[in-house]
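Descriptive analysis of the structure
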There are 2 protein chains.
Amino acid sequence: MLDPQNTLYLELATGRVVIELAPLFAPKHAANIKALVREKYFDGLAFLRSQDNYVVQWGDPHADARAEDKDHPRSVGNAQRTLKAEFTIPISKDLPFTRLPDVDGYAPEVGFSADFWSARDTKKNEAWLAHCYGALGVGRDLDADSGGGTELYVVIGNAPRHLDRNITLAGRVVQGMELLSVLPRGTGPLGFYEKPEQRVPIKSIRIAADLPAAERTNLEVLRTDTPTFAALVESRRNRHDDWFKVPAGYVELCNVPIPVRAVPAPATGK
Amino acid sequence: MLDPQNTLYLELATGRVVIELAPLFAPKHAANIKALVREKYFDGLAFLRSQDNYVVQWGDPHADARAEDKDHPRSVGNAQRTLKAEFTIPISKDLPFTRLPDVDGYAPEVGFSADFWSARDTKKNEAWLAHCYGALGVGRDLDADSGGGTELYVVIGNAPRHLDRNITLAGRVVQGMELLSVLPRGTGPLGFYEKPEQRVPIKSIRIAADLPAAERTNLEVLRTDTPTFAALVESRRNRHDDWFKVPAGYVELCNVPIPVRAVPAPATGK
């Protein structure tokens, strides 16, 4: 079961997007995003950007307004606007890692850390989350430490792995990607919407644990450290059904799905 | 300039999608698709499938109907329903290829052949088009030779390179991907639409050369065998602007854009 304390529900007019935060890789950012959620910082904000084959991004449309403007930036309360970057973390024995047999040019080793696509470099003693489809990232400006979680993006295109180690990833979408990937593309630079009415409103973001059990989406992610998952990986490396004529003998990290399924609500004790 | 004889305009209610056919790699399929277009085979058909992070696909909703049904399959006239597969072609000196300095696990060599992402295996003397974002493929059934162009798909997600050499690619979308990538996802198996009214109608498909000059979209693709393109590739392998902190030193084939731009209509001689 997804940990309700690290699961977000992003509510759009079209439905619910379920996000799993990754405190293992970005503890400060995950905590800050939860603080922003609990302050209802995101409620009523909007998707500001939809760039084809790249990312959708949401935040405060008035983030860059000056204090004297009518539409001044939304206050962040006790949460932080910026945090020290969490681009990589040290490798430790507490960090799970199931290595993919294949490699790619973006990292010495790639694989799976709990519910996430990840990569690492043992020589540098660094591990990081990989920019696969659905990855949740923390927008920032030029300075590495200029992001904090008030602007978040989700990858909707071919894995932009060159962003790995350059920006903090804080989680991933585990259900509802099809609601984000179809947001009309913005026509401004970087896919920003040019007119306010084009923005896609966010009804609310909530932490699953803060909702009554009846309002939660109960999901289970296949464990990536199991024989079942290893068999799935192998079936993706070499397709052996009748349709495939030439098995690839390889699979790129982001082409391995990490299966998620709906499960009955957990029994509540009496 | 795109060759108007190998350029298709797929017209949707939302606008025009420009497709470049690849007769270098799939001569029979490109010719057959053009024959289908000239018979107006596709006019009034529809997108039947939109699978998140994978493909959109169009064709005849009644392709599987039996002859006695009211909605029988549309006739193909003088075009072919099926063709011998063109999964790979022999390497020849007439086939341009600018190799990418980087490799991946899906092919011994990857790079660019004229306007297309491609791959090859010199030991097997085979070259093929790569399933990058925007690739145009020819749907088929189990048999390798069961496709012909009446059902076509476009890649809208993370490059499904495991499809390379398993299905005929016949071209790519060079403009208008943002109209295809936002098609609402189908909720049936493989992303097929479950209700007829969910299908997205195709107004028409035309060959650019068959339209008056004034109705054409004039596009120019950056030549991939030029120093300008080599510099672009290098800039993608190692980002050196102020935003990037860790250059990747690598770029995955499908993360290299092949730039396209609008150009003035060519002068018409008198």
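For the structure itself, look to the data block above.
Below: a short report on this structure. Just so you know, these numbers come straight off a predicted model, no measurement behind them.

1. Quick notes on the environment of R81 of chain B
All names here are of chain B. With respect to the element layout, R81 can be found in the loop between strand 4 (55-59) and strand 5 (89-90). Among the residues examined, R81 registers a relative accessible area of 37% and is labelled partly exposed. When the C-alpha positions of R81 and W58 are compared, they lie 15 Å apart, and in sequence the two are 23 residues distant. Once residues lying within four places of it in the same chain are set aside, the contact partners of R81 are Y41, P73, R74, S75, V76, G147, G148 and T150. At a separation of 2.6 Å, a polar atom in the side chain of R81 contacts the main-chain carbonyl oxygen of R74.

2. As for the sheet that holds strand 6 (residues 98-99) of chain A
Spatially, 5 strands are ordered 5-9-8-7-6 (chain A) in an open sheet, and the strand pairing comes out antiparallel. Strands at the two margins of the open sheet, each flanked by one partner only, are strand 5 (89-90) and strand 6 of chain A.

3. Some thoughts on helix 1 (residues 27-38) of chain B
Residue and element names in this part refer to chain B. Helix length check: helix 1, at 12 residues, gives a terminal C-alpha distance of 17 Å against a target of 16 Å (1.5 Å per residue), a fit within 8%. Regarding helix 1, the residues found buried are H29, A30, N32, I33, K34, L36 and V37. Downstream of helix 1 by one or two residues, K40 has phi in the positive range, about 60°.

4. What to know about the sheet that holds strand 1 (residues 7-12) of chain A
Residues and elements named next belong to chain A. What the 9 strands build is an open sheet, ordered 13-3-4-11-10-12-2-1-14; its pairing is antiparallel. Because the sheet does not close on itself, it has two edges, and the strands there are strand 13 (200-201) and strand 14 (204-207). Looking at chain direction, strand 10 (residues 135-138) and strand 11 (residues 152-155) are connected through 3 bridges and run antiparallel. Following the sheet pairing, V138 is matched in strand 11 by L152. Contacts between helix 1 (residues 27-38) and the sheet are confined to strand 1, strand 2 (15-21), strand 10, strand 11, strand 12 (169-175) and strand 14, with strand 14 contributing the most and set at about 120° to the helix.

5. Looking at the relation of the copies chain B and chain A
Overlaying chain B with chain A gives an RMSD of 0.0 Å, the required rotation being 180° about an axis along which the chain moves by 0.0 Å. On the angle and the small slide along the axis, the relation comes out as a two-fold axis. Interface overlap between copies is the fraction of interface residues in one copy that are interface residues in the other; for chain B against chain A it reaches 100%, indicating a shared surface.

6. Description of the pattern of salt bridges
Scanning the model with the defined rule gives 28 salt bridges over all chains in all. A salt bridge links D52 of chain B to R185 of chain B; the nearest nitrogen and oxygen atoms lie 2.8 Å apart. Of this pair, D52 of chain B sits in the loop between strand 3 (46-51) and strand 4 while R185 of chain B is found in the loop between helix 2 (177-180) and strand 13 (200-201), placing the two residues 133 residues apart along the sequence. By sharing partners, the salt bridges in this structure join D104, R161, D164 and E252 of chain A into a single network.

7. Quick word on the side chain of R172 of chain B
All names here are of chain B. By secondary structure assignment, the location of R172 is in strand 12 (residues 169-175). Although buried, R172 forms no salt bridge, and the nearest oppositely charged side chain, E20, lies 4.9 Å from it. A polar atom in the side chain of R172 sits 2.8 Å from the backbone oxygen of D115. Ignoring sequence-local partners within four residues, the contact set of R172 consists of V18, I19, E20, D115, F116, W117, G134, A135, L136, V221, I258 and V260.

8. Details of the side chain of E86 of chain B
Residue and element names in this part refer to chain B. With respect to the element layout, E86 can be found in the loop between strand 4 and strand 5. Buried charge without a salt bridge: E86, with K28 as the nearest opposite-charge side chain at an N-O distance of 4.4 Å. Within polar-contact distance, the side chain of E86 engages the backbone nitrogen of K28 at 2.9 Å. Separated by 2.6 Å, the side chains of E86 and H29 make a polar contact. Look past the residues within four positions of E86 in its chain and what remains in contact with it is F25, A26, P27, K28, H29 and T168.

9. Let's talk about the interface of chain B and chain A
Of the residues lining the interface, 39 residues belong to chain B; the matching set on chain A comes to 39 residues. Here chain B and chain A share an interface that buries about 3,500 Å² over both sides, 55% of which is from carbon and sulfur atoms. If you sort the residues of chain B by the area they bury against chain A, Y106, N158 and W243 of chain B come out on top, with a joint share of 20%. Counting every contact that joins chain B to chain A gives 0 salt bridges. Tallied by class, residues from the side of chain B that touches chain A come to 20 nonpolar, 8 polar and 11 charged.

10. Some details on unusual backbone geometry
Residue and element names in this part refer to chain A. Phi is positive for K40, close to 60°, though the residue is something other than glycine. Positionally, K40 belongs in the loop between helix 1 and strand 3 (46-51). Judged by relative accessible area, which is 46%, K40 ranks as partly exposed. For R165, which is not glycine, the phi torsion reads 70° and is therefore positive. Among the structural elements, R165 can be located in the loop between strand 11 and strand 12.

11. What about the environment of N166 of chain B?
You can see N166 of chain B is positioned in the loop between strand 11 (152-155) and strand 12. When its relative accessible area of 0% is taken as the criterion, N166 of chain B is described as buried. Remark: the alpha-carbon pair of N166 of chain B and T88 of chain B, spanning 78 residues in sequence, is separated by 8.9 Å. With sequence-adjacent residues up to four places away left out, N166 of chain B is seen in contact with W243, F244, K245 and V246 of chain A together with F87 and R140 of chain B. Side-chain polar atoms of N166 of chain B contact the backbone oxygen of H162 of chain B, separated by 3.1 Å.

12. Some points on the packing of aromatic side chains
Overall, the coordinates contain 11 aromatic pairs over all chains when judged by the stated rule. Relative to Y250 of chain B, the ring of Y106 of chain A lies with its centre 4.8 Å away and its plane at 85°, an arrangement referred to as edge-to-face. Pair noted here: Y106 of chain A is in the loop between strand 6 and strand 7 (109-113) and Y250 of chain B is in the loop between helix 3 (227-237) and strand 16 (260-262), and the two residues belong to different chains. With a relative accessible area of 6%, Y106 of chain A lands in the buried category. On the basis of relative accessibility, which here comes to 6%, the residue Y250 of chain B falls in the buried class. Ring centres 6.5 Å apart and planes at 75° place the aromatic pair F42 of chain B and W58 of chain B in the edge-to-face group. With a gap of 16 residues between them, F42 of chain B in the loop between helix 1 and strand 3 and W58 of chain B in strand 4 connect regions that are remote in the sequence. When sorted by exposure, F42 of chain B lands in the same class as W58 of chain B, which is buried. The structure contains a cluster of three or more aromatic residues connected by ring pairs, namely Y41, F42, F47 and W58 of chain B. Taking the ring centre of W128 of chain A as reference, the NZ or CZ of R165 of chain A above it sits at 4.4 Å.

Criteria and cut-off values
- Sequence order as written defines residue numbering, which begins from 1 separately in each chain.
- Lettering of chains starts at A and numbering of ligands starts at 1, both following the order in which they are written.
- Given that the model is predicted, a residue must reach a pLDDT of at least 70 before its local features are reported, and side-chain atom pairs must reach 80 or more before they are shown or counted; all residues, however, enter totals for whole chains, interfaces and linings.
- Side-chain metrics rest on all non-hydrogen atoms present in the structure, leaving aside hydrogens and water.
- Each helix is a run of H or I in the DSSP string that is no shorter than four residues. Each strand is a run of E no shorter than two, and both are numbered from the N terminus.
- Each residue is assigned to one of three classes by its accessible area relative to the maximum for its type, calculated with a 1.4 Å probe on protein chains only: buried under 20%, partly exposed between the two thresholds, exposed over 50%.
- Whether two residues are in contact is decided by their heavy atoms: any pair within 4.5 Å suffices.
- Polar contacts, as used here, are pairs of N or O atoms within 3.5 Å; protein pairs need one atom able to donate a hydrogen and one able to accept it. Residues neighboring in sequence count only if both atoms are side-chain atoms.
- The pairing criterion is simple: DSSP has to find at least two bridges between the two strands.
- Take the number of residues in a helix, subtract one, and multiply by 1.5 Å to get its expected span.
- Orientation is described by lines fitted to C-alpha atoms, with helices fitted over the stretch in contact, and by angles between N-to-C directions that extend from 0 to 180 degrees.
- The superposition of copies rests on a least-squares fit of C-alpha positions from residues with pLDDT of 70 or more in both.
- Salt-bridge detection follows one rule: a side-chain nitrogen of Lys or Arg within 4 Å of a carboxyl oxygen of Asp or Glu.
- All tallies of charge rest on Lys and Arg as positive and Asp and Glu as negative; His and the ends of each chain are not included.
- The quantity reported as buried area is the accessible area (1.4 Å probe) lost by two parts once they are put together, taken as the sum for both.
- Nonpolar residues are Ala, Val, Leu, Ile, Met, Phe, Trp, Tyr, Cys and Pro. Charged residues are Asp, Glu, Lys and Arg, and all others, Gly as well, are polar.
- Within 6.5 Å between ring centres, the rings of Phe, Tyr and Trp (the latter by its six-membered ring) count as paired, and their orientation is classed by plane angle as stacked under 30 degrees, edge-to-face over 60, tilted in between.
- Cation placement over rings: the criterion is NZ of Lys or CZ of Arg within 6 Å of the ring centroid and within 35° of the ring normal.

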